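Coordinate analysis (summary)
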Amino acid sequence: MAVVADAGSLYGLLAVGAGLATGLAGIGAGMGEQGIGAAVVGVVAEEPGFLGKGLFLMLLPETLIIFGLAVSLILMFAWTPFAGIVTP
Amino acid sequence: MLRPVKMSRVVVAGSKDVISPVVEKLHELRLLHIVNYNGNQPQFEIGKPIGKAKEYSEDLIKLRSITRYLDLKNKAPDKTFPESQILSEMDNLLNNVGADVIATYERITAIEAEVKSKQDLIRSLTPLAVLPLPLESYHGYDSLATFVGTVATPIDADVARVSPVNEIYTGSAKNATQVAVFVPADKASEVSAVLSEHGFSETSVPKLEGNVDSAIAAQESSIKTLEAEKAPLLKKLADVKKQHEDLMLATDEYLSMQTQKTEAPLRFAETDNAFVIDGYIPSDQFSRLKSELESAAGGKLEVSLIADKEAEELVEKGEDVPTQMDNPSLVKPYELITKLFAIPEYKEFDPSLLIFVFFPIMFGMILGDVGYGIMIFLVLLLLKKKFRTPGWQQLINVVMIGSVWATIFGIFFGEIFGPLGLWGRIMGHLPEHEIELAKEAGLYFGEGVFGSLGRLGPLGIFPLDRLATNAVLLLIGTSIFIGVIHCSVGSILGIKTFLGYGEKKHAYFEKLPVLLFQVFLTIALLGLIMGQMWMVALGGIFILVSMVMLVMGPEGPMGLAHVPFYLSNLVSYLRLLAIGLASVGLAYAANQLAFYVIMPMLSGGAKDSAEFTTLAIIVGLLVLVSVHFINLLLGILSPFMHPLRLHYVEMFTKFYSNKGGGVEYSPFGHVRRFLKA
């Protein structure tokens, strides 16, 4: 028996995938920032002039979320093989 | 503008007779950034303080201790004072007012200590109140041992076993039994052992006389008397603070200035009869410094400029040329963002102007809402009057310019407090059938219109509904495009910076390939989207060329390890779209929730706004306002932080602070705040 997926459930799976891509990337970036953030707060307490560079370091892992988001956007909006199936 | 002010290295040499007027003049001019003499030349010594340096610093310490007692904080001046007034009032301020403040403060501390000891006494007396003994009966025995405290279980039988002669008083306290046990002194150790088996914990008994309750009452009444004495003293300190606040801060400023002047020679080089000051000065100010100093010293002084070549040698030996950023007043606030990262080195570019160009646009593109933009602008206008320190003013100006851009982008995006709301009511929207037509043609960019002008721009893309699929794709492209421009400007400055330092290899084989990579990667991607294979091929060839150049560069094949970083730099600009979408999403949710969920539901399923009940409207508006308020707060924070990051991480890494930070130009002198010039 062949498994037939209709456009609706395909779209649903795409949405779940897109959500996972951004969500998991967010968790990863958060875990990365956790350690850096704590260290930066420590350094800034000792040396306030370090704030700018500290922010720089702390914001580095944030790009990870953007990668996840880029994947989500491609899934939801720009992946042409599916576009024909999922747009009603 | 992109470069710091040009500096010249000067040497001021003069006779020691004129050191005082010269220091006075230098302080007044506030032009010379002094390079401290480190005493490494045998023919010169480090200078000694002049004048009444010791007296001034003693007075300053005295004043600072008084201001500390008064809890005086630095603030914006309400009025200013002439120096003569400070001189005439300083003695009174330091000795009479000051002594009074110190005495009052000490009395307050003494009262507080006494109150605390009395409170402790009350705390130790309270448990004794349950026992029927007066206080004097606990003390003064030679042949009796006394145990006072709490026990967990009854003790009478066990105490009687080890010491048949005893006197036990008990009373029940909150969680335990309070006991007082009197036994002959020679049984003390045995009784102590028995008591500890019953969980005995000793209570200390103050050496007082009389009834416990009346003793507590006496302590409480004396605490009241002390508190009554303290209140007017506190008020007195507050009055003194109010009356002398500005004068004290002005005196502090005067004394700081005097110590600065009298101790200045510690930074000079000296011989028996002469002094030498090294320093930097903005090049266009040299002739002014020379003429002013020479007239102040009456000719017993020589101000000379050091030739560029010699100055270069000094820099190579480790002298730092100070940096004074040179920007028009509109760009000045953005120096704050530059400084937060690092002061530019003298030979580097000052990125403040670039931040001024890109930062507000990015802020505006992320926030992009007429309502939020105007709200933030108005709130900042209020805050601007409240927070008057220069740092806050700069920060407020930065966000304010951003909020103007947010309003401009809000017009492009057709948003007033989010989509689905006020825009349609005020400016109108497309008729239903036209929306359907646009959707069928795959050209749907939103349904708003600019009043009677209709939709504007190529294909009618404005006002752009950011939540529409086409708009998201368009904004992805725009974000990356802004990213390429932003990063390329950074790369170009990077090449020029390295050329400025004379490091050609770094410039052409480390920074140039990055520029090529960024630009041609975009061309290749654009080719893919537009289906122009020649663009893809061209892009591919130049990407390969840039890789080869990187391998030839100073880092060798390891240079290739940076490529993913440059790639992720570009992808990172997607946040311009992403954070914006998040903010639009929340605003959309707020409007949807209030107008299409809560209001109809609470009105019993009403379909038309005319049928909404008053309660439904109130609850709906409450939800609406609170969600929008949260979104507004986030709407200040994220559009600020993320462009900041795009500058620090994506742009600055291309050119800025490769050699570590510079030294800020801080000329010898003092900015008068409380003192009249």
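Residues numbered from 1 in each chain as written. Chains lettered and ligands numbered in written order. Predicted model: local features only at pLDDT ≥ 70, side-chain atom pairs only at ≥ 80, totals over all residues.

**Some words on the overall build of chain B**
When its secondary structure is counted, chain B shows 20 helices and 12 strands. Relative to the globule expectation of 26 Å for 677 residues, the C-alpha radius of gyration of chain B, 39 Å, shows a markedly less compact shape. Considering only C-alpha atoms, chain B reaches an extent of 115 × 95 × 55 Å along its principal axes. Expressed as a percentage of the 677 residues in chain B, the buried residues total 33%. For chain B, the proportion of contacts with a sequence separation of at least 24, taken over those separated by at least 6, is 77%. (Helix = DSSP H or I, 4+ residues; strand = E, 2+ residues; numbered from the N terminus. Rg over C-alpha atoms; globule rule 2.2 N^0.38 Å. Buried ≥ 20, exposed ≤ 12 C-beta atoms within 10 Å, placed from the backbone. Contact = placed C-beta atoms within 7 Å.)

**Topic: the interface of chain A and chain B**
Contacts between the two partners involve 16 residues from chain A, matched on the other side by 16 residues from chain B. In the side of chain A that touches chain B, the residues fall into 12 nonpolar, 2 polar and 2 charged. (Nonpolar A, V, L, I, M, F, W, Y, C, P; charged D, E, K, R; others polar.)

**Some points on the environment of glutamine 532 of chain B**
Residues and elements named next belong to chain B. Tracing the backbone through its elements, the reader meets glutamine 532 in the loop between helix H16 (504–530) and helix H17 (533–552). Classification of glutamine 532 as partly exposed rests on a count of 13 C-beta atoms within 10 Å. The spacing of glutamine 532 and valine 22 is 510 residues in sequence and 72 Å in space, taken between C-alpha atoms.

**Remarks on unusual backbone geometry**
Residues and elements named next belong to chain B. Its identity as a non-glycine residue notwithstanding, aspartate 71 has a phi of 55 degrees, on the positive side. Structurally, aspartate 71 can be placed in the loop between helix H2 (53–69) and helix H3 (83–125). With phi around 50 degrees, phenylalanine 417 is a residue other than glycine that occupies positive phi space. By the secondary structure assignment, phenylalanine 417 is in the loop between helix H12 (390–413) and helix H13 (422–427). Using a count of 21 C-beta atoms within 10 Å as the deciding quantity, one classes phenylalanine 417 as buried.

**Quick notes on the pairing of strand E5 (residues 167–172) of chain B**
Residue and element names in this part refer to chain B. With 6 bridges joining them, E5 and strand E6 (residues 177–184) adopt antiparallel strand pairing. Paired with tyrosine 169 across the strands is alanine 180, a residue of E6. Adjacent in sequence and paired antiparallel, E5 and E6 are bridged by 4 residues. (Pairing = 2+ DSSP bridges.)

**Re the nonpolar core**
Residues and elements named next belong to chain B. Formed by 69 residues in total, the largest nonpolar core has its most connected members in Met362, Phe363 and Leu574. Residue contributions to this core peak at 11 residues, all from helix H10 (residues 352–367). Each residue touching phenylalanine 363, except ones within four places of it in the same chain, is listed here: Gly402, Trp405, Ala406, Pro639, Phe640 and Pro643. (Core = buried A, V, L, I, M, F, W, Y, C linked by C-beta atoms within 7 Å.)

**Let's talk about the confidence of the model for chain B**
Residue and element names in this part refer to chain B. Overall, the prediction assigns chain B a mean pLDDT of 87, with 99% of residues at 70 or greater. Within chain B, H13 has the poorest average pLDDT of any element, 79, and H10 the best, 93. Prediction confidence for the complex, expressed as pTM and ipTM, is 0.76 and 0.73 respectively. (pLDDT = per-residue confidence, 0-100.)

**Details of the pairing of strand E4 (residues 144–151) of chain B**
Residue and element names in this part refer to chain B. Bridge analysis of E4 against E6 gives 8 bridges, and the strand direction is antiparallel. Bridging across to E6, alanine 145 finds its partner in valine 183. The sheet contact formed by E4 and strand E7 (residues 201–202) spans 2 bridges and is antiparallel. The partner of threonine 150 across the bridge, within E7, is serine 201.

**Points about the sheet that holds E5 of chain B**
Residue and element names in this part refer to chain B. One open sheet accounts for 4 strands, arranged E5-E6-E4-E7; its pairing is antiparallel. Edge strands, defined here as strands with exactly one partner in the open sheet, are E5 and E7. Packed on one face of the sheet, helix H5 (residues 188–197) meets E4 and E6 and runs near 5 degrees to E4. (Axes fitted to C-alpha atoms, helices over the stretch in contact; angles between N-to-C directions.)

**Topic: the confidence of the model for chain A**
Where the model shows low pLDDT, its predicted coordinates should not be examined in detail. With 82% of its residues at a pLDDT of 70 or more, chain A shows a mean pLDDT of 79. Ranking the elements of chain A by mean pLDDT puts helix H4 (residues 80–86) of chain A last, at 50, and helix H1 (residues 7–46) of chain A first, at 89.

**Here's the deal with the packing of helix H2 (residues 51–59) of chain A against helix H20 (residues 614–655) of chain B**
Relative to each other, H2 of chain A and H20 of chain B sit at 90 degrees, their axes nearing to 10 Å. By the angle between their directions, the pair H2 of chain A and H20 of chain B is classed as roughly perpendicular. Every residue of H20 of chain B that contacts H2 of chain A at Leu55, Phe56 and Leu59 of chain A is listed here: Arg645, Tyr648 and Val649 of chain B. In terms of residue class, the contact of H2 of chain A with H20 of chain B is built from 5 nonpolar, no polar and 1 charged. (Parallel < 35°, antiparallel > 145°, perpendicular 65-115°, else oblique.)

**Brief notes about the environment of histidine 33 of chain B**
Residue and element names in this part refer to chain B. Among the structural elements, histidine 33 can be located in strand E2 (residues 33–35). Residue classification places histidine 33 among the buried positions, given that 22 C-beta atoms sit within 10 Å. Taking the C-alpha atoms as reference, histidine 33 lies 14 Å from leucine 305; in sequence the two are 272 residues apart. With near-sequence residues (within four places) excluded, histidine 33 lies in contact with Gly279, Tyr280, Ile281, Pro322, Tyr665, Ser666 and Pro667.

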